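Residue-level listing of the chains:
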Amino acid sequence: MPGIIIAVVVTLVIAVPVSIFVTNSYHKKVTEQKVGGAEQQARSIIDEAVKTAETKKREILIEAKEESMRSKNELEKEIKERRAEVSKSESRVQQKEENLDKKLESADRKEQSLISREENLEKERQKVAKLNEQRVQELERISGLTSQQAKDFLLNTVKDDVKADAAKYIKESMAQARDEADKQAKEVLVTAIQRCAADHVAESTISVVQLPNDEMKGRIIGREGRNIRTLETLTGVELIVDDTPEAVVLSAFDPVRREVARIALEKLIVDGRIHPARIEEMVDKAKKEVDNTIREEGEQAALDAGVHGLNTEEIKLLGRLKYRTSFGQNVLKHSVEVSQLTGLLAAEVGVDTRIAKRAGLLHDIGKAVDHEQDQTESQSHVALGVDICKKYKESPVIINAVAAHHGDCEPESLIALLVQAADTISAARPGARRETLENYTNRIQQLEDVANSFEGVEKSYAIQAGREVRVMVVPEKISDADMVLLARDITKKIENDLQYPGQIKVNVIRESRVIDYAK
């Protein structure tokens, strides 16, 4: 058994190297065959590539030659065309030069002709001048006047005729312009009035508070009158408790205070608890309510008038005008109406409507504070309005419009004149203001009586609704120098004795007449 194994091992030892050798020899032969085939294939590929490259090279050379021939032909063709164009251009230039030479020759001939004509004209001028000189000498000999004297005579005659014609023409033009201006002004005013109107309330210096019963009067008066004294002290309003059934009258010149007292009293009546502490509380609430109403009314007025950018204090002052009336016309509504009218008039005549509306709205703003002054430093609402506008930095145009709307100073702009017109329209149109006939008559009569009370006054007339008084004096008693003193004295007496709105113009007239009769 061991021998068999040894034999197998020996056999394997011998067989394995032989097998490996045989295998390697086979693989080597196969590899050599493959390498030889690959080399042969590579040589054939290279030969094929060389042939293809030669073929491509020949084709490219042929194409390059053909392209070169085409370019050469095109270049030769273009050169021929360019030469033909150049030849044509040379022909045209030569033709133009020939034409230009012909024109120059023609111009030279015309110039020679003109020179010859000018020489002839100069000769003719000299002849005409000589003949004119002879004519003037002959005219001077016939007329006996020199040429300068004749010229002066003719100029004076023509000048007089021209002056007469010019004066006639100017007079006719002015009359026509006045007629047209009057017509156009009426149309503008009528248009503005038709497009704007405002409601008005009656003037009042008292307010009436209705009571649920007459027993409430005793509660309002309070023990020993403490309630009514407290209310009068806190509001500055006089309470009139009389025999009027179920009513209490509040009297005060300041409309804002009167409104505060009315609201406070109505709240106290509804609440039922009337004593000094409660009165003080209700008065404070009423003041806040009235302040809010004033601010809201001022803002609404500015909105209705289309005016923006007003100072907060200006808006409050405008709101106070809600409680201010003048001859039955509510001042706030009047101011809004004047603002709208001024804007409409400004649009018609072509000025700045924004400034015009602002000036119209602020023209009576002084009436919001004129009742708060002391008698010692009394100022008109015009002067107060000017101070307010200056305080809140309004423009000079608006300040002048406020100052001039009652004629206190001269208007410096067209807007100031428009504010005057709008103020007059709003105040004077039918239904705008009310004044009892008796009060009006008394005021006019008092004004005339004051003027008639001075020595040397013949008669006096109050005109323009009491805004002006014309005083006729006896010329033998009052001299021109005395007129100045008389006007001043009448003015002082009117200021001291009478109460009146705005200002009154005193116009003293001294007239001498000589009358005779032809028989």
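Quick caveat: nothing in here was measured; it's all calculated off a predicted structure. (Residues numbered from 1 in each chain as written. Predicted model: local features only at pLDDT ≥ 70, side-chain atom pairs only at ≥ 80, totals over all residues. Heavy atoms only, no water.)

Draft legend 1. Structural view of the overall build of the protein chain. When you go through the protein chain residue by residue, the secondary structure sums to 14 helices and 8 strands. Out of the 519 residues belonging to the protein chain, those deemed buried represent 29%. Sequence separation of 24 or more characterises 62% of the internal contacts of the protein chain that already satisfy a separation of 6 or more. Summed over all atoms, the accessible surface of the protein chain reaches about 35,600 Å², with 53% contributed by carbon and sulfur. (Helix = DSSP H or I, 4+ residues; strand = E, 2+ residues; numbered from the N terminus. Buried < 20%, exposed > 50% of the residue type's maximum accessible area, 1.4 Å probe, protein only. Contact = heavy atoms within 4.5 Å. Areas by Shrake-Rupley, 256 points an atom, 1.4 Å probe, with all protein chains shown as cover.)

Draft legend 2. Summary view of the sheet that holds strand E7 (residues 468-473). One open sheet accounts for 3 strands, arranged E6-E7-E8; its pairing is mixed. Strands at the two margins of the open sheet, each flanked by one partner only, are strand E6 (457-463) and strand E8 (505-510). Taking the axes of each pair of neighbouring strands and ignoring which way they run, one obtains an average angle of 20° across the sheet. Where E7 and E8 come together, 6 bridges link them in parallel fashion. What sits directly across from Val471, in E8, is Val508. (Pairing = 2+ DSSP bridges. Axes fitted to C-alpha atoms, helices over the stretch in contact; angles between N-to-C directions.)

Draft legend 3. Structural view of helix H10 (residues 381-391). Burial in H10 covers these residues: His381, Val382, Leu384, Gly385, Val386, Ile388 and Cys389. The inward-facing, buried residues of H10 contact helix H7 (312-320), helix H9 (353-362) and helix H11 (396-404).

Draft legend 4. How the structure looks around the confidence of the model for the protein chain. When pLDDT is averaged along the protein chain, the result is 79, and 82% of the positions lie at 70 or above. Note on residues 430-436: pLDDT under 50 across the span, and 18 contacts to partners over four residues away in sequence or across chains. (pLDDT = per-residue confidence, 0-100.)

Draft legend 5. Structural detail: H9. Listing the buried residues of H9 in full gives Ala356, Arg358, Ala359, Gly360, Leu361 and Leu362. Regarding H9, its N-cap is Asp352, as a side-chain oxygen of that residue lies 3.0 Å from the backbone nitrogen of Arg354 further along. (Polar contact = N/O pair within 3.5 Å; in protein donor to acceptor, adjacent residues only side chain to side chain.)

Draft legend 6. Seen up close, the pattern of salt bridges. One pass over the structure, following the stated rule, counts 19 salt bridges. Linking Arg358 and Glu394 is a salt bridge whose minimum nitrogen-to-oxygen distance equals 2.8 Å. Residue Arg358 is found in helix H9, and its partner Glu394 is found in the loop between H10 and H11; the two are separated by 36 residues along the sequence. In this structure, Arg358 and Glu394 share a single accessibility class: buried. (Salt bridge = Lys/Arg side-chain N within 4 Å of Asp/Glu carboxyl O.)

Draft legend 7. Highlighting a nonpolar patch on the surface. On the surface, a nonpolar cluster with roughly 240 Å² of combined accessible area is contributed by Val349, Leu414 and Leu417. Locating Leu417 in the fold gives a position in helix H12 (residues 414-428). Exposure remark for Leu417: the relative accessible area of 42% places this residue in the partly exposed category. (Patch = residues over 30% accessible without salt bridge, like charges linked within 9 Å, V, L, I, M, F, W, Y side chains within 5 Å.)

Draft legend 8. Main features of the nonpolar core. Counting 39 residues, the largest nonpolar core has Leu310, Leu317 and Leu361 as the members making the most contacts within it. Contributing elements (two or more residues each) for this core: helix H6 (276-305), H7, helix H8 (331-349), H9, H10, H11 and H12. Per element, the largest residue contribution to this core is 7 residues, and it comes from H8. Excluding anything up to four places from it in sequence, Leu310 contacts Ala302, Ile315, Leu318, Arg358, Leu361, Leu362 and Glu394. (Core = buried A, V, L, I, M, F, W, Y, C linked by side-chain atoms within 4.5 Å.)

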